[in-house]
Amino acid sequence: MNKYDERNIMFSRMNYEEGSEIYNDYYGRNPYMKEIDDSLRALPQMGQEGSVMYDKINSPIVDSAFRYLGDIRKLSEGKPAENKIEVGPISMTEKLKGLAKFYNAALVGITEMKDYHYYSHRGRHNENYGEEVTNKHKYGIVFAYAMDNEMIMRAPKLSESIGVVKGYVEAATIGMVLSYYIRELGYDAMNHMDGNYLVVAPLVAMDAGIGEFGRNGLIVTKEYGPCVRLGVVTTDIPLIPDEKQYFGVKEFCTDCGRCARTCPGKAISKTDREEKDGVLRWKINAEECYRRWRCLGTDCAICIANCPFTYGISEELISEIKTSGEVRGKILKEFDEKYGVRPIIREDAPWLR
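Just so you know, these numbers come straight off a predicted model, no measurement behind them. (Residues numbered from 1 in each chain as written. Predicted model: local features only at pLDDT ≥ 70, side-chain atom pairs only at ≥ 80, totals over all residues. Heavy atoms only, no water.)

A look at the overall build of the chain
Part 1 of the reasoning: Across its full length, the chain holds 14 helices and eight strands.
Part 2 of the reasoning: For 353 residues, the compact-globule formula gives about 20 Å, and the C-alpha radius of gyration of the chain, at 20 Å, lands near that figure.
Part 3 of the reasoning: Seen through its principal axes, the chain has C-alpha atoms that stretch 60 × 55 × 45 Å.
Part 4 of the reasoning: Taking all 353 residues of the chain together, the buried fraction comes to 52%.
Part 5 of the reasoning: A sequence separation of at least 24 residues applies to 77% of the contacts in the chain between residues at least 6 apart.
Part 6 of the reasoning: Taken as a whole, the chain presents about 16,700 Å² of accessible surface, with 50% of it coming from carbon and sulfur. (Helix = DSSP H or I, 4+ residues; strand = E, 2+ residues; numbered from the N terminus. Rg over C-alpha atoms; globule rule 2.2 N^0.38 Å. Buried < 20%, exposed > 50% of the residue type's maximum accessible area, 1.4 Å probe, protein only. Contact = heavy atoms within 4.5 Å. Areas by Shrake-Rupley, 256 points an atom, 1.4 Å probe, with all protein chains shown as cover.)

Laid out in structure tokens, this is it:
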């Protein structure tokens, strides 16, 4: 699998200020991206005046949470304690998973880190733009925080974004607690959180058995579908890796396609998977997805709100999804009868009105 360069992701590119040294460097090497990126930068900032869902009282709820995440980013790394305590990999694996769940992680998995899990170069922040990613650990602890699906059902209204940013804050907290604890034991650990990832979190999650990639480009879990936020802690403390899961997301998404039909930006593929970057997958049009974010002033999430997995599928049915087209058809038929075009709560959360 080819490695990803963080300089190429949407959130990095939107930080490049026109005329700056970084802007000139990036678009000097990627001139074909300049026109479309400039058009996106010309739109209202996320959650700012001029976007459809902007509210002068409520929109700052999202902005303030992201500002908080930016302020604590510097705490993601630290020096381990001088005295290293000997630990057993089995007991430490159980302890760290239990601690993550105590701090509200819904799912936890562990994988042995591979080179392709890490970005090749950093690109999100000016201070380390273009730096090669070299500080790598042997193990990755990945955890999923389950978002409130009633907030997500309000997509693309502001309630949805408030639900999503709460997920980022909760995932950051879980990661901070785990990484601080591991360093107290004398081992190195880094919290990969919003704005401070050295890893591609969904790839780590897939290999740690959290879920599989769906048509919408997100990790789909058995328990919560794509209605989760992911966090990762990488470390050199000895742990026991989990196995990947294959429970039929590919087969289900091939039959379903609801996210592609209802995506307002037509950013989700309606065709079969294609080989991209060395992997057979559905490729998202990130630019058109993000264009709707900037226009709406929220991060949309209609694809999450419209996924049958978001609302729970019984273990009995999930066990047959991979092999039975009849079971997949039954799930989709019942979902259509219950929700129609898509699940939606049309009003913002009561406390936001």
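And the narrative resumes.
Considerations on the environment of Val 232
Part 1 of the reasoning: On the secondary structure map, Val 232 appears in strand 6 (residues 228-235).
Part 2 of the reasoning: Considered as a pair, Val 232 and Ile 9 are 223 residues apart in the sequence and their alpha carbons are 18 Å apart.

Concerning the environment of Met 206
Part 1 of the reasoning: Relative to the elements of secondary structure, Met 206 occurs in helix 8 (residues 201-207).
Part 2 of the reasoning: Given the relative accessible area of 16%, Met 206 is considered buried.
Part 3 of the reasoning: The spatial distance from the C-alpha of Met 206 to the C-alpha of Pro 238 is 20 Å, given a sequence separation of 32 residues.
Part 4 of the reasoning: Other than its neighbours up to four places away in sequence, Met 206 contacts Gly 211, Phe 213, Ile 219 and Lys 244.

A few points about the side chain of Ser 59
Part 1 of the reasoning: Note that Ser 59 resides in helix 4 (residues 59-72).
Part 2 of the reasoning: The residues contacting Ser 59, other than those within four sequence positions of it, are Gly 47, Met 53, Tyr 54 and Leu 158.

Focus on the packing of aromatic side chains
Part 1 of the reasoning: Tallied over the entire structure, the rule returns 14 aromatic pairs.
Part 2 of the reasoning: Seen from their ring centres, Tyr 16 and Tyr 26 are 5.3 Å apart, and the 45 degrees between their planes marks the pair as tilted. In this pair, Tyr 16 sits in the loop between helix 1 (10-13) and helix 2 (21-29) while Tyr 26 sits in helix 2, placing the two residues 10 residues apart along the sequence.
Part 3 of the reasoning: Taking 6.0 Å as the distance between ring centres and 50 degrees as the angle between the ring planes, the aromatic pair formed by Tyr 290 and Trp 293 counts as tilted. Separated by three residues within a single helix, Tyr 290 and Trp 293 lie in helix 11 (residues 286-296), roughly one turn from each other.
Part 4 of the reasoning: Since its relative accessible area comes to 7%, Tyr 290 is described here as buried. (Phe/Tyr/Trp six-rings, centres within 6.5 Å; stacked < 30°, edge-to-face > 60°.)

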